[in-house]
Amino acid sequence: MTRSTVRLAARNTLRRKARTFFTAGMVVFSVAVLMVALTWVGGLFGSILTSITAVGGHVRIVDPDFAAREEMMPLYENLEVTAPLVAAIERQPGVVSVEPRLVTGVTVTKGEEIGEVFAMAVGANDRYFREQLRGKEKLAAGEWFSGGPDELVAGAKIAERTGAKVGDELVLLGATQDGSLSPIKGKLVGIISTGGGMLDQQIWMPLDKARWLVDIPEGATELLVFAEGLEGGKALATRLQTLPELGAYAVQSWHEREPLKSMTAVAMGIQGVIVLTFVFLAALGIWNTMTMSVLERTHEIGVLRAMGMSRLAVVGLCVGEALSIAVAGGGFGVLLGVGP
């Protein structure tokens with residue numbers, strides 16, 4: 001595009017100032033709303049990912065057979081001894097913490113009788129409950145774990161359905177890894193409430209008590225590895241997959257596991273629809289302006305062609321005008337969309 005063509009394009013852009021500013025305003029609005037929408041979707045999805053990975057870790061290590069039949073919770077497909085694995089993982093760069101976790105189904109009752117209230121019993125170290133699940137911040141009644149071996153913290157839904165209060169003795173009936181019935185007793189020291197979430201239907205206990213319940217003295221059903229953020233979790237999973245100590249186990253990054261894998265695809269689809277919608281609106285405004293501009297200047301274009309201007313130069317004239325509107329409007333739209 002020659003300098004004369006650029007000058008003509010600039011002149012034509014300002015010939016109909018009202019229409020040009022209207023079109024540029026549409027581009028500014030579309031781009032600004034697009035930036036806000038993408039930021040909102042990204043923030044919402046990021047918050048969901050953060051909450052889910054806080055529960056399930058950025059990287060999870062399990063027995064391959066456990067991963068294949070996870071819905072059935074096969075306790076016998078466990079990590080028999082976790083201490084050497086934890087030590088090997090903690091030596092890797094980028095590891096924030098490693099948390100052994102046991103999850104099993106139990107029936108819960110207050111007192112001596114066997115009840116019909118079903119709950120997920122979760123056994124882990126205090127650090128996992130306190131730092132990852134933020135359990136202490138969610139206490140609705142009672143106190144946090146003090147270190148006693150028989151202490152239990154229950155979700156609000158479980159406490160409501162069993163009629164249990166802080167200080168009551170609860171009986172949990174579960175099963176060992178070989179299928180034998182395994183009852184335990186514990187004192188309810190605290191009740192957490194998240195407003196109806198999954199945690200409200202769980203019972204938390206120290207890891208050693210959960211190990212006794214399912215008869216896995218030194219192991220766990222899974223190791224949850226926490227990294228420095230979501231992207232750090234992806235890179236960490238790649239490194240851990242090459243660790244000799246983990247060769248016999250399944251090392252799963254957060255983005256490879258359900259439901260996060262499906263949620264990521266859905267979020268990308270939503271973002272794609274948003275982008276296409278607002279790009280279409282902006283393009284429609286520019287197309288309308290350029291169509292009117294070309295129709296109004298049919299005589300002028302004929303004169304320019306008669307004076308020797310080539311078809312390519314005429315096209316460049318129109319494209320230059322559209323490009324100037326799009327760049328100016330897009331730039332202001334980005335500034336407006338990402339501004340405070």
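Let me sum up the structure you'll find in this document. (Residues numbered from 1 in each chain as written. Predicted model: local features only at pLDDT ≥ 70, side-chain atom pairs only at ≥ 80, totals over all residues. Heavy atoms only, no water.)

**Some remarks on the packing of aromatic side chains**
Consideration 1: Inspection of the entire model under this criterion finds 6 aromatic pairs.
Consideration 2: Summarising the aromatic geometry, the rings of Tyr128 and Phe129 are spaced 5.7 Å apart at their centres and angled 55 degrees between planes, so their arrangement reads as tilted. In this structure, Tyr128 and Phe129 share a single accessibility class: buried.
Consideration 3: Pairing Trp144 with Phe145 gives two aromatic rings, centres 5.1 Å apart and planes at 75 degrees, and the pair type is edge-to-face.
Consideration 4: With relative accessibility at 9%, the residue Trp144 sits in the buried group.
Consideration 5: Grouping aromatic residues by their ring pairs yields a cluster made of Tyr128, Phe129, Trp144, Phe145, Trp204 and Phe226. (Phe/Tyr/Trp six-rings, centres within 6.5 Å; stacked < 30°, edge-to-face > 60°. Buried < 20%, exposed > 50% of the residue type's maximum accessible area, 1.4 Å probe, protein only.)

**Regarding the side chain of Gln252**
Consideration 1: Within the secondary structure layout, Gln252 lies in strand S10 (residues 250-253).
Consideration 2: Sequence-distant contacts of Gln252, that is, excluding residues within four places in its chain, are made with His58, Val59, Arg60, Val62, Ala67 and Arg257. (Helix = DSSP H or I, 4+ residues; strand = E, 2+ residues; numbered from the N terminus. Contact = heavy atoms within 4.5 Å.)

**Focus on the environment of Pro64**
Consideration 1: Among the structural elements, Pro64 can be located in helix H3 (residues 64-68).
Consideration 2: Assessed through its relative accessible area of 37%, Pro64 is described here as partly exposed.
Consideration 3: Sequence spacing of Pro64 and Glu77 is 13 residues, and the spatial spacing of their C-alpha atoms is 8.2 Å.

**Thoughts on helix H4 (residues 83-90)**
Since the α-helix turns once every 3.6 residues, residues separated by three or four places project in the same direction.
Consideration 1: Leu85, Val86, Ala88 and Ile89 are the residues of H4 that are buried. An end-on view of H4 places all buried positions within 165 degrees of arc, on one side of the element. (Arc of directions from axis to C-beta.)

**Examining the environment of Leu236**
Consideration 1: Relative to the helices and strands, Leu236 resides in helix H8 (residues 230-240).
Consideration 2: Among the residues examined, Leu236 registers a relative accessible area of 0% and is labelled buried.
Consideration 3: Residues Leu236 and Val59, spaced 177 residues apart in sequence, show a C-alpha to C-alpha distance of 7.6 Å.
Consideration 4: For Leu236, the residues in contact, after removing those within four places along its chain, are Val59, Pro93, Gly94, Val95, Val225 and Ala227.

**Description of the pairing of strand S3 (residues 117-124)**
Consideration 1: In terms of residue burial, S3 counts as a mostly covered element, since 6 of its 8 residues are buried.
Consideration 2: The pairing of strand S2 (residues 95-110) with S3 spans 8 bridges and is classified as antiparallel. Of the residues in S3, the one forming a bridge with Thr107 is Phe118.
Consideration 3: Note: S3 against strand S8 (residues 202-206), 5 bridges, orientation parallel. What sits directly across from Val122, in S8, is Trp204. (Pairing = 2+ DSSP bridges.)

**Regarding the pairing of strand S6 (residues 169-175)**
Consideration 1: Looking at chain direction, S2 and S6 are connected through 4 bridges and run antiparallel. Looking across to S6, one finds that Lys110 is bridged to Leu170.
Consideration 2: Examined bridge by bridge, S6 and strand S7 (residues 181-192) share 7 bridges and lie antiparallel to one another. Across the sheet, residue Leu173 finds its bridge partner in S7, namely Pro183.
Consideration 3: Between S6 and S7, which pair antiparallel in sequence order, lie 5 residues; one of them, Gly179, sits at a positive phi of approximately 95 degrees.

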